[in-house]
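Descriptive structure summary
If you want the building blocks of each chain, they are given just below.
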Amino acid sequence: MMKRIAFSALALLGCAGTVAAAPLVLPLESPVYFQFNNLEQVNLANTIVVPGTYAPAAGTQGNWGVINISSIQLGAVATPHVDISGGPAFFSDDGPGGTNGMITGIFYGVQNTSATTANGGFIDLFWHDAGADTTLGATLGAEATCLSGTTCGPDAATVAAFTSGTFLARLAFASGIDPLAPATFIKGSTDPTTINVSGQADSFANVVLSAGGAWASALNGDWFNTAFGTRDLRFSTFFNGLASWSGAPGSNTFGLRSNDPARVFTSAVPEPATLSLLGLGLAGLAYRRRKKANA
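Here we summarise the structure given alongside this text. (Residues numbered from 1 in each chain as written. Predicted model: local features only at pLDDT ≥ 70, side-chain atom pairs only at ≥ 80, totals over all residues. Heavy atoms only, no water.)

1. Observations regarding the pairing of strand β10 (residues 122–128)
Across the 7 residues of β10, 6 count as buried, placing the element largely inside the fold. Here strand β8 (residues 102–112) pairs with β10 via 7 bridges, running antiparallel. Across the sheet, residue I103 finds its bridge partner in β10, namely W127. When β10 meets strand β11 (residues 166–174), the two strands line up antiparallel, connected through 6 bridges. Its bridge partner lying in β11, F126 is registered against F167. (Buried < 20%, exposed > 50% of the residue type's maximum accessible area, 1.4 Å probe, protein only. Helix = DSSP H or I, 4+ residues; strand = E, 2+ residues; numbered from the N terminus. Pairing = 2+ DSSP bridges.)

Right, dumping it as structure tokens:
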């Protein structure tokens, strides 16, 4: 029923005339697979300060970085309540000036508890309309070059660009990745501060509904089972060393480039963007009926 509501909203929107662009609407009650590209810094002493003035990132942390979502796919359930695999893409980032828009973000607040474990931390996601992402591209340089870590660094300008746009959701890392350690939210295979390191880290996250956002209700699926309760999203992060994002010599802050498959089974509750589209569509349909009646 909810899927029919979402698609009906899009159909009705055609009756409403031209309206302002809105964030991409996620499908409801569906397995969804996200592909991320990240640039990040890590410091085992948890002394990093996120540059710039992004207020939620105040304080010190052991890991932070910026995010770009390169694709969103209609996934498939690999193992019920455990894993979701990828599938055909319904969103692809076609770069600044393209027609598809752009999704960026920041993660911050992660506190390392050992060389391979951490807790705490949040992810904030933002939508950029197809026209607005041109400004983002101009700020960061060519998108692909920026994401390789060669034209944008861990500075205030990068943070400001990746945290602009329409707020989509805030995610909070949560326990569950280690069934024997409720205080472990992120668990890695390798010490990420090893020079030229490559490795993997896994984690779960929940939506912070109180933060709002156009995607908050859709991402609130409570689908993944863990020893400590259900979780909304699951991440698998593959990382490599990135010298251009390392801190000053002796700072013990190391740069990484990573890509993060993330999975979610979306909620049956329509997200605000879907409800807005439905409202606009119904309003347009009512207008057309009144106009026809008065003709």
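On we go.
2. Brief notes about the pattern of salt bridges
Evaluation of the coordinates by the stated rule reveals 3 salt bridges. In this structure, D178 and K187 form a salt bridge, with 3.2 Å as the shortest nitrogen-oxygen distance. Owing to a relative accessible area of 15%, D178 belongs among the buried residues under this scheme. Overall, the relative accessible area of 37% leaves K187 in the partly exposed class. (Salt bridge = Lys/Arg side-chain N within 4 Å of Asp/Glu carboxyl O.)

3. A closer look at helix α2 (residues 132–140)
For the α-helix, the turn length of 3.6 residues means that residues three or four positions removed from each other point alike. D133, L136, G137 and L140 are the residues of α2 that are buried. Angular distribution of buried residues about the axis of α2 spans 100 degrees; they occupy a single face of the element. Exposed residues on α2 whose side chains face more than 90 degrees from its buried face are T135 and A138. Turning to α2, the residues buried within the fold contact β8, β10, α3 (143–147) and α4 (156–162). (Arc of directions from axis to C-beta. Contact = heavy atoms within 4.5 Å.)

Distances and angles like these do not, on their own, reveal function.
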